Amino acid sequence: MGKSNSGSATPPSPPLLRGGGICLSRGPVCSAFPQFFAVLIALAMCGSMLQAADAPVDFNRQIRPLLSDRCFRCHGPDGAQRKADLRLDSADGATAQRDGGAAIVPKDPAGSELIRRITSTDESEQMPPAEAGKPLSPEEIELLRRWIEQGAAFQTHWSLIPPRRSPLPRVGNSAWPVNEVDRWIMAKLEQAGLAPAPEADPVTLLRRLSLDLTGLLPTPAEVDAFTGERDPLAYERAVDRFLASPEFGEKLAMYWLDLVRYADTVGYHGDQEHPISPYRDWVIQAFNENLPFDRFTMLQLAGDLLPEPTVEQKIATGYNRLLQTSHEGGVQQKEYQIKYDADRVRNLSSVWLGATLGCAQCHDHKFDPYKQKDFYSLAAFFADVDDTRTFKGGDTNPTKREPELVVPAPLDKLERRTMITETIAPRAIRVLNRGDWMDESGEIVAPAVPHFLKQIDAEGRRATRLDLAKWLVSADNPLVARVFVNRLWFLFFGAGLSNSLEDFGAQGEAPSHPELLDWLAVEFVQSEWNVKHIIKLLVLSSAYRQSSQATAELLQRDPQNRLFARQASYRLPGELIRDNFLAVSGLLARRMGGAGAHPYQPAGYYKHLNFPRRDYKADTDANQFRRGVYTHWQRQYLHPMLKAFDAPSREECTVRRPISNTPLAALALLNDPSSIEAARAFAARILREAGATPEDRAGWAFCELLSRRPEGGEIARIVQLHAVNASEYRADPEAARKLLGVGLSPVPADLDPAELAAWTQTARALFNLHEAITRN
């Protein structure tokens, strides 16, 4: 396992805690790069092509990102903002004859106005203009010149070309690939003259697999069984076991709830609670039952439009109600209805299309072909959703957001209220000039999908949300399967094949392995949208099983790991950190489903939360120890531990959480009551279940938390840390009593308080190891 003996952002602590081999939360910074980073990646990955004068230039991978980043803002799809009536996002526009000739003359760089302008030293003519702050490098100018020289061929954007299976590439190292995924990865590596990383050791591999599929660490018994297994099918059996576990649905649901901005509160103004937890439980159940993704899509968007919808199909339509709402008395209903319409369009386009359609609410999109009319035509699909009763909910907590239904919830079967979708006569939806809700001069639009994609044939009737859902998962849609499998790849490799998970448009990054992305998209559809099938393909691959340790050569040649010549290592999300502390402590409550859990949080945290004023009440029963996926999600006042570890407020779709490295996170690990209580319960396990000596106990604790025995001087450092703390607590019984009093779980009366407190402090240090909070 990758271990670290140094750390950063360590809070003040006793000398042994600072220097005893302990490393606090330390993870890579999120790769949320500037928009122009796609250009840099394209250039870096095609370095050998730039060196060869006759190498073909690829428009989608090399030229489109360059033009989009430097030119489209003024010479792209947005007609209202277009300068000099010049379009560079289409072949017709770029090659049209104008005063002074054409911007691009295929095969004639010298006769192309674009080349003249980008090489001009006259500031009044130079493009991009100096004030844009985005000059072209000599290499980029040469790339554009060569592209024109080769004929200036334009291509349809890669994400809009229907995916197809290409023949699998031949590879020299035929022993490494175990499935089709590996053939594409190996082919790229061999092309670059690189070799894949060796397979991770069995313990690291099992921990990675267990964390990725269930969010929980493997037990020592599972580790021993796996590492002692000689059957080559042992790994696949572990994959199948984790995929079949109920924890699988909880883990994958965490990501889906980020995408659809699930929260237990309304978001705006008073941020009152609203009833929606049965929807969360339905998502968990759907992933566990491997509900086909096309059906999963249809039930959320339009389950109410099916013939005689079941209760669970109605629960699924809670998706349409997840948006932020306001219940302030002076709300302008028309204004907020338009906010709700826009929210739905933004989320639909982000979740299923990987599109930034929100940029077309006030004007045509500046980089992609979405028109403002497309935005409002999509909104028209939701014009039949009954929001009228939502406006009648007041400043109570919880508020009422009718239509609601009392249902037996999917997982625990207990009756709960939940918001559902009911239809009304569709409202008129019109294009709003500059997004102004008071402007009624725009045309009224019918439900329709973006104009440049194949249209829905509604056979003369008004298209519905069910038509929209079927269109999303039809063979006519080139985006949805690609978007979803790309995000699955991200979940298991730390980065997407296209690393712009949120933007499959011109400003996004072209995929590093386009044929592989297409192969997976086709496989997804042909497997009848089988989510577990795609996940199993990914985690069985040799690419997934690689070590995350990088050689100096790899760091130099592929620092961002875009060739996937190694696995990723990153800090776990806050929910999973807490889940695993509770699990090793023996406190974790495994009950699935139910109303939101309320972990401890600081007193007075809600003091500025008004309309109405309220106090946070932490759970005082087993709910306190439930998994993070069930934690109450207060949009305006997110739980502090989750906030410290970069969880989103879920006001908007989140496709990738940032990963920060701050002293606040380290302090939360040390001092959050949940962490201290879990450390105390873990300490009780150490004293009861491990051997009699400090060395035996340290070794046992390592196996439980880190799945390995201590190495080198680790055991001596832990024993020394324990000895110092034991001495202090024997001299100060009151300090031991105060430490052990944190949390509601009972303190064992049969254990020596000083010894229990000393091992509690030792467990806190172990919890703060880099290795304990990192997926390797």
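Colleague: Explain the pairing of strand β3 (residues 404-408) to me, please; I cannot follow it from the model alone.
Modeller: Working note: regular strand, side chains alternate between the two faces of the sheet. Judged from the 5 bridges that link them, β3 and strand β4 (residues 415-419) form a sheet pairing that is antiparallel. Paired with V406 across the bridge in β4 is R417. In textbook terms, the turn of a hairpin is the stretch between consecutive antiparallel strands, and for β3 and β4 this stretch comprises 6 residues, one of which, K413, has a positive phi near 65°.

Colleague: Looking at this structure, I do not really get the pattern of salt bridges. What am I missing?
Modeller: A side chain of one charge can pair with a side chain of the opposite charge if their charged atoms are brought near each other. All told, the structure shown has 56 salt bridges when counted by the stated rule. R165 is paired through a salt bridge with E523; the nearest N and O atoms lie 2.5 Å apart. Here R165 is found in the loop between α8 (138-149) and α9 (180-192), whereas its partner E523 is found in helix α21 (residues 514-526), with 358 residues between them in sequence. A relative accessible area of 31% places R165 in the partly exposed class. Using a relative accessible area of 14% as the deciding quantity, one classes E523 as buried. Here D281 ties to R416 by a salt bridge, and the two come within 2.7 Å at their closest N and O atoms. Of this pair, D281 sits in helix α14 (residues 277-288) while R416 is found in strand β4, placing the two residues 135 residues apart along the sequence.

Colleague: Please clarify how empty space enclosed by the protein should be interpreted in this entry.
Modeller: Regions of empty space are outlined by a rolling probe, equal in size to a water molecule, passed over the atoms. Tallied over the entire structure, the rule returns 8 cavities of 30 Å³ or more. When its volume is computed, the second largest cavity comes out at roughly 70 Å³. Taken together, I577, R578, F581, L582, H639, M641, D672, S674, S675 and A678 make up the full set of residues lining the second largest cavity. Within the residue set of the lining of the second largest cavity, elements represented by two or more residues are α24 (574-585) and α27 (673-689). By residue number, the principal contributor to the lining of the second largest cavity is α24, which donates 4 residues. By residue class, the composition of the lining of the second largest cavity is 5 nonpolar, 3 polar and 2 charged.

Colleague: Can you help me understand the nonpolar core in this one?
Modeller: Side chains of a nonpolar character, in soluble globular proteins, are inclined to be buried together. Ranked by size, the top nonpolar core spans 180 residues in total, and within it W256, Y279, F293, W352, W489 and I535 carry the most contacts. Top element by residues in this core is helix α20 (residues 480-493). It accounts for 11 residues. Not counting chain neighbours up to four residues away, the residues in contact with W489 comprise V181, I185, G494, A495, G496, L497, L516, L520, L538 and F564. With 25 residues, the next largest nonpolar core counts A94, W147, A152 and F367 among its residues.

Colleague: Teacher, can you tell me more about the packing of aromatic side chains here?
Modeller: Taken as a whole and judged by the stated rule, the model has 37 aromatic pairs. Ring geometry for Y262 and Y279: centres 6.4 Å apart, planes at 20°, overall stacked. Of this pair, Y262 sits in the loop between α13 (246-259) and α14 while Y279 sits in helix α14; the two residues are 17 residues apart in sequence, bridging distant segments of the chain. Each member of the pair, Y262 as well as Y279, is classed as buried. Between the aromatic rings of F492 and Y544, the centroid separation amounts to 6.5 Å while the plane-to-plane angle is 65°, which identifies the pairing as edge-to-face. Separated by 52 residues along the polypeptide, F492 in helix α20 and Y544 in the loop between α22 (531-540) and α23 (552-557) bring together distant segments of the chain. For F492, a relative accessible area of 3% corresponds to the buried category. A residue is classified by how much of its surface remains accessible, and Y544, at 0% relative accessible area, is buried. Among the aromatic residues, those joined into a cluster by ring pairs are W256, Y262, Y279, W282, F287, F293, F296, Y319, W352, F484, F524 and W529. It is R241 that lies over the ring of F242; its NZ or CZ is 5.0 Å from the centre.

Colleague: How should I be thinking about the state of the cysteines in this particular structure?
Modeller: Think of a disulfide as a covalent bridge from one cysteine sulfur atom to another cysteine sulfur atom. Tallied over the entire structure, the rule returns 0 disulfides. Not part of a disulfide, C362 finds its nearest cysteine sulfur in C359, a span of 9.9 Å.

Colleague: Explain the packing of helix α17 (residues 333-353) against helix α18 (residues 372-379) to me, please; I cannot follow it from the model alone.
Modeller: For any two helices packed against each other, one specifies the crossing angle of their axes together with the interaxial distance. Orientation of α17 relative to α18, taken along the N-to-C sense of each, is 100°, at an axis distance of 9 Å. By the criterion of interaxial angle, the relationship of α17 to α18 is roughly perpendicular. Between α17, through D341, A342, V345 and L348, and α18, the contact on the second element is made entirely by F375, L378 and A379.

Colleague: Is there a simple way to think about the side chain of S500 in this case?
Modeller: Among the secondary structure elements, S500 is positioned in the loop between α20 and α21. Side-chain polar atoms of S500 contact the side chain of S498, separated by 3.2 Å. Here E509 takes part through its backbone nitrogen, which lies 2.7 Å from a polar atom of the side chain of S500. Ignoring sequence-local partners within four residues, the contact set of S500 consists of G508 and E509.

Cut-offs and rules
- Residues numbered from 1 in each chain as written.
- Predicted model: local features only at pLDDT ≥ 70, side-chain atom pairs only at ≥ 80, totals over all residues.
- Heavy atoms only, no water.
- Pairing = 2+ DSSP bridges.
- Helix = DSSP H or I, 4+ residues; strand = E, 2+ residues; numbered from the N terminus.
- Salt bridge = Lys/Arg side-chain N within 4 Å of Asp/Glu carboxyl O.
- Buried < 20%, exposed > 50% of the residue type's maximum accessible area, 1.4 Å probe, protein only.
- 1 Å grid on protein atoms, 1.4 Å probe; cavity = no way out; pocket = protein on both sides within 12 Å on 5 of 7 lines; lining within 4 Å.
- Points joined across faces, edges and corners; volume = space filled by probe spheres on them.
- Nonpolar A, V, L, I, M, F, W, Y, C, P; charged D, E, K, R; others polar.
- Core = buried A, V, L, I, M, F, W, Y, C linked by side-chain atoms within 4.5 Å.
- Contact = heavy atoms within 4.5 Å.
- Phe/Tyr/Trp six-rings, centres within 6.5 Å; stacked < 30°, edge-to-face > 60°.
- Lys NZ or Arg CZ within 6 Å of the ring centre and 35° of its normal.
- Disulfide = S-S within 2.5 Å.
- Axes fitted to C-alpha atoms, helices over the stretch in contact; angles between N-to-C directions.
- Parallel < 35°, antiparallel > 145°, perpendicular 65-115°, else oblique.
- Polar contact = N/O pair within 3.5 Å; in protein donor to acceptor, adjacent residues only side chain to side chain.

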